[in-house]
Amino acid sequence: MRAATAITTLFAASLTALAAHAEPVAIGVAAPLSGPSAILGEQVKAGAVLAAARNDAALVVADDRCTAEGGAKAAQSFVDAKVSVVTGFLCTEAIEAALPVLKASHIPVITVGVRTDSLTELHDKTGWSVFRLGPRGDGERNAAASILTRLWNDELFAIVDDGTIYGRELAESFRASAEQAGLKPVFFDTYRPQLDNQVALIGRLRKAGATHVFVGGDGEDIAVMGRDAAALGIDIVFAGGETLRSADRAVPPAEGTLMIAPPEWSDTASPEVSATFEAARTVTDGYTLPAYAAVEIARAAATFAEGKPVADVLTGRDFDTAIGKVRFDAKGDLSASPFRLFRFDGTDYLPVEIQ
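Residues numbered from 1 in each chain as written. Predicted model: local features only at pLDDT ≥ 70, side-chain atom pairs only at ≥ 80, totals over all residues. Heavy atoms only, no water.

Caption draft 1: Spatial organisation of the sheet that holds strand β8 (residues 212–216). In spatial order, the strands read β7-β6-β8-β9-β10-β13-β14; together these seven strands make up an open sheet with mixed pairing. The open sheet is flanked by β7 (187–190) and β14 (349–351), the only strands paired with a single partner. Each strand of the sheet is rotated relative to its neighbour by a mean of 25°, with strand direction disregarded. One ladder, built from three bridges, connects β8 with strand β9 (residues 237–240); its direction is parallel. Residue pairing in the sheet places H212 in a bridge with V237 of β9. Each of β6 (157–161), β7 and β8 touches helix α8 (residues 165–180); the most contacted strand, β6, lies at about 155° to it. Strands in contact with helix α9 (residues 199–208) are β6, β7, β8 and β9; relative to β7, the strand with the most contacts, it is inclined by about 160°. (Pairing = 2+ DSSP bridges. Helix = DSSP H or I, 4+ residues; strand = E, 2+ residues; numbered from the N terminus. Axes fitted to C-alpha atoms, helices over the stretch in contact; angles between N-to-C directions. Contact = heavy atoms within 4.5 Å.)

Listed below in structure tokens is the structure:
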């Protein structure tokens, strides 16, 4: 009888332990669900909800409104709910207000959209446990400089920019990287943006002998340059950054135009994940897949932690996600840049392997 009682007690204890272990991991999701950025916030929420359903997670969703006040309020709601990890955040003001609140409760954050360099650059000073699932603010210009310096080391290349801070930083970064590699552009100048044509600029590029041109500016301007060069019978390869993907295509890019940008995450999703989105009638665009991946990482990290701070297991570990393998470095940035080289084939941008 005593043996039976002991076995029954042990079995009951085991069930209790299993039940406790089976409790869904509480994960916070911060997103702008009201205001002008609400459409992006809904993408974050949609992706997180689908991931939670497939990964045994319980979500606590809060509207950070893309403001400091909204971010601090959202953070407190996560603390009150005793979440293990917070995901989301698209705006610098909101996350910077939230991080001190979350730091006090040792809750790490996986942001899907804030690129501000200081979030991770000041890691040692602030002590914030923030991990960036998207690119850094300087990621695009660093990638453009690195990729094109290797790709064009034997080409007669030019660099032009539209005079904006964005365009000038892209152009200067490439020029500095090229000079360090012993390369010098045959032409370097600022052009007037948003013109109906760039014939005068094309003429100057031809006179300088440029066969390849990097443009720090809008995708629409790059498309106009490509069109005008083709009309004048001048063979020039144009290259630019992410703005090429968001260009309105009123003037299509010239075939062969190069783009440095992260991949479209919908192109990297596995058939299983794509089927999940299709079944839920949710489109895999914008922030839906990064938000899905953030919940996957949060759930896995909470499991790996086993009583240790979750932030400790987020660094230096590979996570298999809907957008591929993810690994964070010691500062919380992606250990590998997501930027890749793409070439326009007349219809779409296709990835290019660099030897």
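Read on for the rest.
Caption draft 2: Just the pairing of strand β3 (residues 85–88), in detail. Judged by which residues are buried, β3 turns out to be covered on both faces: V85 and T87 on one side and V86 and G88 on the other are all buried. Direction of pairing for β3 relative to strand β4 (residues 109–111): parallel, over a ladder of three bridges. Residue pairing in the sheet places V86 in a bridge with V109 of β4. For the crossover from β3 across helix α4 (residues 92–104) to β4, the handedness is right-handed. (Buried < 20%, exposed > 50% of the residue type's maximum accessible area, 1.4 Å probe, protein only. Right-handed = clockwise from strand over helix to strand, strands pointing away.)

Caption draft 3: Highlighting the layout of surface pockets. Computed from the structure, the largest pocket encloses a volume of approximately 660 Å³. Looking at the largest pocket, it is lined by 29 residues, and the ones nearest its centre are R115, E242, W265, G286 and Y287. Listed by contribution, the elements that provide at least two residues to the lining of the largest pocket are α2 (38–54), α11 (243–246), α12 (265–268) and α14 (288–305). Ranked by residues supplied to the lining of the largest pocket, first place goes to α14 with three residues. (1 Å grid on protein atoms, 1.4 Å probe; cavity = no way out; pocket = protein on both sides within 12 Å on 5 of 7 lines; lining within 4 Å. Points joined across faces, edges and corners; volume = space filled by probe spheres on them.)

Caption draft 4: Seen up close, the nonpolar core. By size, the foremost hydrophobic cluster in this structure holds 62 residues, and its most contacted members are F89, L102, I110, L133, L314 and F328. It is α14 that contributes the most residues to this core, ten residues altogether. Residues contacting I110, with those up to four places away along its chain left out, are V85, V86, T87, G88, F131, L133, A294, I297, A298, L314 and F328. Judged by nonpolar contacts, the second largest core, of 22 residues, contains L201, V213, L244 and F342. (Core = buried A, V, L, I, M, F, W, Y, C linked by side-chain atoms within 4.5 Å.)

Interpretation note: all reported values are geometric properties and have no functional meaning in isolation.
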